[in-house]
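One letter stands for each residue in the lines below.
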Amino acid sequence: MNFKKIGVIGGGTMGQGISEMLAAKGLDVLLVEETTEKLNHAYSMIETSLDKQLEKWAITKAEKKLILNKIHKVTHFAELGTCDMVIETISEDLNAKKEVFKQLDQVCPSNIILASNTSTLSLTEIAGSTMYPERVIGMHFIYPVAKINLVEIIRGLKTSESTFEETKRFVDEVVDKHGIMVYESPGFVTSRIICLMINEALHVLGEGVATAEDIDDAMRIGYQFQYGPLEMADRFGLDSVLAALERMFREFGELKYRPSYVLKKMVRAGSLGVKTGEGFFKYDKDGDRI
């Protein structure tokens, strides 16, 4: 299969990052959102991201224009029938994802791969809402998409060998990232491990062992992390981290996955991190630490 046109469903942080990355690789992207307002916001955030790169001389004005011209705003699923692959990136809501895949089944030919960027949900259950579960696979990109060269490729129970091989080729050769194969398990590899680290950092914070700033400095400087665990949580979205931990706690039944009460309080207060401008730290409208 020649991958030239990719559908991306969801214009949130991950949808924006994946769309920008694919367009920068020369692929045509059909970006889908529920409303025109959300679609325009996602597009403007991609433009802001490119402007930042422009300021740092990472790209030229011509490259910025070329990337933006590769991203096409779409509000109707019907247009995705012309894509060579569709990647779903909506929030971690199982029923919402199943509904998306059910609709994709109606518009995408049976040979088209349907991928989900889910970080914790069951691919087998998502695939169960389709007529062709063998073509459903997980393709978990990690934030920030452009900078992290790893993609988890998750096989559901009925994912076919050809679907996996084509997806692996897409990841390795087309988008030039390192793909690792993961068998379905709550949290897969990256989310399972990183959420535990974040949760432990939250316990340390809640116990008053150290401040948020010092906890992050300890891990960022001491172990050369790009971000400390608390800023990481802010960038993932505290609500997303909470949902991931709660799901793993339900699935595994082990206390180590039980979310910290500090995390629950932050989510209840609506301090979700970068997306709201404040979490454990404060951020400007471009997502930079203040």
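Predicted, not measured: the structure shown is a model, and the values here were computed from it. (Residues numbered from 1 in each chain as written. Predicted model: local features only at pLDDT ≥ 70, side-chain atom pairs only at ≥ 80, totals over all residues. Heavy atoms only, no water.)

Asks: Would you mind going over the pattern of salt bridges in detail, with residue names and values included?
Replies: One pass over the structure, following the stated rule, counts 19 salt bridges. Here Lys-38 makes a salt bridge to Glu-34, at a shortest N to O gap of 2.9 Å. Since its relative accessible area comes to 41%, Lys-38 is described here as partly exposed. Here Lys-168 ties to Asp-172 by a salt bridge, and the two come within 2.5 Å at their closest N and O atoms. Remark: Asp-172 and Lys-168 occur in helix α6 (residues 161-174); sequence separation between them is four residues, near one turn of the helix. Here Asp-172 falls in the partly exposed class, since its relative accessible area comes to 28%. Three or more residues are tied together by salt bridges with common partners; here these are Glu-213, Glu-231, Arg-235 and Arg-289. (Salt bridge = Lys/Arg side-chain N within 4 Å of Asp/Glu carboxyl O. Buried < 20%, exposed > 50% of the residue type's maximum accessible area, 1.4 Å probe, protein only. Helix = DSSP H or I, 4+ residues; strand = E, 2+ residues; numbered from the N terminus.)

Asks: Provide a residue-level description of the sheet that holds strand β6 (residues 136-141), including the pertinent values.
Replies: Adjacent strands of a sheet pair through backbone hydrogen bonds, lying either parallel or antiparallel. Judged by pairing direction, the sheet is mixed, and its eight strands sit side by side in the order β3-β2-β1-β4-β5-β6-β7-β8 without closing on themselves. The sheet is open, and its two edges are formed by β3 (71-74) and β8 (178-183), each paired on a single side. The average angle at which neighbouring strand axes cross in this sheet is 25 degrees, direction not considered. Here three bridges tie strand β5 (residues 113-116) to β6, and the two strands are oriented parallel to one another. From the neighbouring strand, Ala-115 faces β6, where its bridge partner is Ile-137. Helix-sheet contacts for helix α2 (residues 36-55) involve β2 (28-32) and β3, and the interaxial angle to β3 is about 165 degrees. In this fold helix α4 (residues 94-107) packs onto β1 (5-9), β4 (85-88), β5 and β6, with an angle of close to 165 degrees to the strand it touches most, β5. (Pairing = 2+ DSSP bridges. Axes fitted to C-alpha atoms, helices over the stretch in contact; angles between N-to-C directions. Contact = heavy atoms within 4.5 Å.)

Asks: Now, about the environment of Cys-83: what can you tell me, with residues and values included?
Replies: Along the chain, Cys-83 falls in the loop between β3 and β4. With relative accessibility at 2%, the residue Cys-83 sits in the buried group. Sequence separation of Cys-83 and Val-8 is 75 residues, and the distance between their C-alpha atoms is 9.8 Å.

All we've got here are geometric facts, nothing functional implied.
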